[in-house]
Amino acid sequence: MANRIAPRISGSVRLCKALLLAAALIGAAAEAQEAPRRVVSINLCTDQLAMMLAAPGQLHSVSFVALDRRASSMADAAQDYVINHGRAEEIYLMQPDLVLAGRYTARASVEALENLGIPVATFDIVTSMAGVRRAVLEMGEALGRQAAARDMVADFDSRLAALQAEVTRRPRAALYHANGFTSGRASLAHEILTAAGFENIAITAGYETGGKLPLEILALAAPEAIITGQPYPGTSRAERIMDHPVIEALRRGAQGAAVTDADWVCGTPHVLRAIEGLAPLRRALEATR
Amino acid sequence: MSRLMPLLTLGVAALFLASLLIGPAPVGVLDSLSALILDDGTPMTLVMREIRLPRALLAVIVGASLGMAGAAMQGYLRNPLAEPGLIGVSASAALGAVIALQTGLAAAFTLALPLTALGTALLGVLLLLALAGPRGASLTLILAGIAISALAGALLSLVLNLSPNPFATSEIVFWMMGSLADRSMTHVWLALPLSVLGWLMLATLGRGLDALTLGEDAAQALGIRLTRLRLTLVIATASVVGAATAVAGAIGFVGLVVPHILRPLVGARPSRLLFASALGGAVLVLAADIAVRLILPDRDLKLGVVMALIGAPLFLHLIYKTRKEFA
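The name an unreviewed UniProt entry gives chain A is Iron complex transport system substrate-binding protein, with Marinovum algicola as the organism.

Dropping the structure here:
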């Protein structure tokens, strides 16, 4: 409106002023429209990114998995939010103006929400350190918190650089999870291990993409450190394999062992804590040879 | 006929050796055998002693147990369809094993796992004999077996679904199909005591089972105490099937296929069939376990799948042959 009447008033200076004012008004309106005010997250990893970046009161609800200490780095923080179970009906009744979902979270629920006219922002699975930066910036964009996201990325970059500083020798480590699975390239666990200054034996043993690493191959590779998953309560054959006599012998023979925890699960700046957690082990191994 | 036992023994020895030499780690024959015998401090010794040796030993123990149990049950019920897997004893044993593992009983004391499996297997056998009666007509036997298997299978799934462990549910397949992948010497020591006890008890049944081929009255006239025979059979079957299932899951059809193939070769005498089936069962399970490693090396193909592919057609054939009895 303003810019249509402005030329008639007079002079180019006034015109410019009016245009600037108009632009500012439109811009502010756009920003207000952009930033959602009631956000619901239904995926563990978007839960955590949103909790880190959202303005006070902006994030309404996170998924129930965010409360699970085994998987979530922010279980305490999650207690301050309404908990959802990712079901379309439940989410719709919360009347969100934005839903945050992972690429592979309950497709049926996400489609149902989209059909009901609720905007859904979908986040890819993060498999690298560059992916962590990307995810933070994307979340900043989705929540209208670009500045906070940029600050977080800058902080992440400097802390990561500090952690990677000095490595004289890369000790060979094995990642060994339930069912005998290991992680290869293009996985967050591999990136954490590499960033912490280890060499992943899955790559040297020919398991580039990860997958099931036979116990025999693991035994012959004789890793210097063995990093296993954290067992759940109750028993399962899948996890008992981490107590196999071969693994126990490797733990004794290897100079170090570590356990993965919630910080290994999601591509958020908390991966830095996982990298930091491995540092004492690497320093001890570096000193041995 | 007299050459059958040495031949079977040779088969067990050859397949045992092959089982020791086959694995994902590419190591030469002489290297792996010397690593097995001499502890040279290399990781290869670990591989041979803690991965391949227990796997081969368990194949022999499980195979012998299931083959012998099948032969004994068939001799007692005088019915070629009586097999631990088909009549629900294996599923009952698996239920006990799962209960022992999920309640933490198995961690509480050493032999709790096989003993609980024995306990539920015993319940399964007793229920079956109560339903099918001492003569074990095919129809009742199979129906009772289906009912017991279904009940035990459902309870097993329930226990695993209730487990707080997210991996437990996917292991229903292991318990229903069986596998020897990634077992250790611990499992050998768990299964061995009860298996040996069961084998010894089954071995004493030979004379009684031979006499029983003449009918119950004739057997009694020959001085066979049927109640005692029955009791020994029930406890021995539950021991061997319980011990085998507790460490390897429910592997079906071994006790059906092996006695069926060997019966004509031993002149249909139950006492001789008992020992031949023990060796034959070991041969079959060793061969099947080598097959799963060769067919899909990275996938842990379940032993039960291979056994069902071999056994189910034979089962159909046997039903076809005994269909007059059903009519």
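1. Observations regarding the overall build of chain A
Each helix and strand in chain A was counted, giving 14 helices and eleven strands. Here chain A, with 289 residues, has 43% of them falling under the buried criterion. A separation of at least 24 residues holds for 60% of the contacts in chain A among residues at least 6 apart in sequence.

2. Regarding the overall build of chain B
In terms of regular secondary structure, chain B is built from 16 helices and zero strands. Counting only C-alpha atoms, chain B reaches 65 × 50 × 35 Å along its principal axes. Counting the 327 residues in chain B, one finds 51% classified as buried. Long-range contacts, defined here as pairs at least 24 residues apart, represent 79% of the contacts in chain B between residues at least 6 apart.

3. Digging into the domain arrangement of chain A
Residue and element names in this part refer to chain A. Domain annotation of chain A identifies domain 1 (39–161) and domain 2 (169–288). At the interface, 22 residues of domain 1 touch 17 residues of domain 2. Contributions of two or more residues to the side of domain 1 that touches domain 2 are made by α3 (44–53), α7 (129–143) and α8 (146–163).

4. Notes on the nonpolar core
Ranked by internal contacts, the top residues of the largest apolar core, which has 103 residues, are Met68, Ala72, Ala94 and Ala244 of chain B. Residues in contact with Ala244 of chain B, not counting those within four places in the same chain, are Ile61, Val62, Ser65, Leu66, Ala191 and Ser195 of chain B. In this structure, Ile91, Val136, Ala173 and Val246 of chain A belong to the second largest nonpolar core, which totals 82 residues.

5. What to know about the sheet that holds strand β8 (residues 199–200) of chain A
All names here are of chain A. Strand order in the open sheet made by the four strands is β8-β6-β10-β11, with parallel pairing throughout. Each end of this open sheet is capped by a strand with a single partner; those strands are β8 and β11 (256–259). Examined bridge by bridge, strand β6 (residues 172–176) and strand β10 (residues 225–228) share four bridges and lie parallel to one another. The residue of β10 that forms the bridge with Leu175 is Ile227.

6. Here we look at the sheet that holds strand β4 (residues 98–102) of chain A
Backbone-to-backbone hydrogen bonds pair the strands of a sheet. The strands run either parallel or antiparallel. All names here are of chain A. The sheet built from five strands is open, its strands ordered β3-β2-β1-β4-β5 with parallel pairing. The two strands at the open ends of the sheet, each matched to only one other strand, are β3 (82–84) and β5 (120–123). With strand direction ignored, the average angle separating the axes of adjacent strands in the sheet is 25 degrees. As paired elements, strand β1 (residues 39–41) and strand β2 (residues 59–63) share two bridges and run parallel to each other. Directly across from Val40, in β2, lies its bridge partner Ser61. α7 contacts β1, β4 and β5 of the sheet and is inclined by roughly 175 degrees relative to β5.

7. Section: helix α13 (residues 254–262) of chain B
All names here are of chain B. Of all nine residues that make up α13, eight are buried, and the element is covered over most of its length. Looking only at α13, the buried set comprises Val254, Gly255, Leu256, Val257, Val258, Pro259, His260 and Leu262. Residues of α13 that are buried sit in contact with α3 (43–77), α14 (270–295) and α15 (303–321).

8. Here we look at the pairing of β10 of chain A
Residues and elements named next belong to chain A. The side-chain alternation of β10 yields two buried faces, one formed by Ala225 and Ile227 and the other by Ile226 and Thr228. Relative to β11, β10 is paired through four bridges, and the arrangement is parallel. Among the inter-strand pairings, Thr228 is bridged to a residue of β11, identified as Val259.

9. Some points on the environment of Ile142 of chain B
By secondary structure assignment, the location of Ile142 of chain B is in helix α7 (residues 138–162). Accessibility expressed as a C-beta count within 10 Å gives 21 for Ile142 of chain B, which makes it buried.

10. Describing the pairing of β6 of chain A
Residue and element names in this part refer to chain A. With respect to burial, β6 is a largely interior element, four of its five residues being buried. As judged from the two bridges shared by β6 and β8, these two strands associate in the parallel manner. When the sheet's bridge partners are listed, Ala173 is paired in β8 with Asn200.

11. As for unusual backbone geometry
Residues and elements named next belong to chain B. Not every positive phi belongs to a glycine, and Asp182 is a case in point at roughly 55 degrees. Take Asp182: there are 20 C-beta atoms within 10 Å of it, and that puts it in the buried class. With phi around 55 degrees, Ala268 is a residue other than glycine that occupies positive phi space. Structurally, Ala268 is set in the loop between α13 and α14.

12. What about the packing of helix α13 (residues 245–253) of chain A against α3 of chain B?
Running from amino to carboxyl end, α13 of chain A crosses α3 of chain B at an angle of 150 degrees, the nearest separation of the two axes being 9 Å. In terms of axis orientation, α13 of chain A runs roughly antiparallel to α3 of chain B. Contact with α13 of chain A, carried on its side by Pro245, Val246 and Ala249 of chain A, involves Leu46, Glu50 and Ile51 of chain B of α3 of chain B and no other residues of that element. For the contact of α13 of chain A with α3 of chain B, a count of residues per class yields five nonpolar, no polar and one charged.

13. Structural notes on the interface of chain B and chain A
Every contact between the two is made by 24 residues of chain B and, on the other side, 23 residues of chain A. When residues of the side of chain B that touches chain A are traced back to their parent elements, those giving at least two are α3, α4 (89–103) and α9 (185–203) of chain B. Per-element accounting of the side of chain B that touches chain A gives the leading share, six residues, to α3 of chain B. A per-class count over the side of chain B that touches chain A returns 14 nonpolar, six polar and four charged.

14. Thoughts on the environment of Ser63 of chain A
Residue and element names in this part refer to chain A. By the element assignment, Ser63 lies in strand β2. Look at Ser63 and you get buried, because 26 C-beta atoms sit within 10 Å. Ignoring anything within four residues of it in the chain, the contact list for Ser63 reads Ser41, Ile42, Asn43, Leu44, Asp47, Asn84 and Gly86.

15. Observations concerning the environment of Thr120 of chain B
Residues and elements named next belong to chain B. For Thr120, the location among the structural elements is in helix α6 (residues 112–132). Residue Thr120 is classed as buried on the basis of its C-beta count, with 26 C-beta atoms lying within 10 Å. Separated by 24 residues in sequence, Thr120 and Gly96 place their C-alpha atoms 5.3 Å apart. Once residues lying within four places of it in the same chain are set aside, the contact partners of Thr120 are Ser92, Ala93, Leu95 and Gly96.

16. Details of the packing of α6 of chain B against α7 of chain B
All names here are of chain B. Here α6 crosses α7 at 145 degrees, and the two axes come no closer than 9 Å. Once α6 is placed against α7, the crossing between them reads as right-handed. Contact with α6, carried on its side by Gly124, Leu127, Leu128, Leu131 and Ala132, involves Thr140, Leu141, Ala144, Gly145, Ile148 and Ala152 of α7 and no other residues of that element. Looking at side-chain class alone, the contact of α6 with α7 contains eight nonpolar, three polar and no charged residues.

Conventions used here
- Residues numbered from 1 in each chain as written.
- Chains lettered and ligands numbered in written order.
- Predicted model: local features only at pLDDT ≥ 70, side-chain atom pairs only at ≥ 80, totals over all residues.
- Helix = DSSP H or I, 4+ residues; strand = E, 2+ residues; numbered from the N terminus.
- Buried ≥ 20, exposed ≤ 12 C-beta atoms within 10 Å, placed from the backbone.
- Contact = placed C-beta atoms within 7 Å.
- Domains from an automatic or database assignment.
- Core = buried A, V, L, I, M, F, W, Y, C linked by C-beta atoms within 7 Å.
- Pairing = 2+ DSSP bridges.
- Axes fitted to C-alpha atoms, helices over the stretch in contact; angles between N-to-C directions.
- Parallel < 35°, antiparallel > 145°, perpendicular 65-115°, else oblique.
- Nonpolar A, V, L, I, M, F, W, Y, C, P; charged D, E, K, R; others polar.
- Left-handed = near helix turned anticlockwise from the far one by under 90°.

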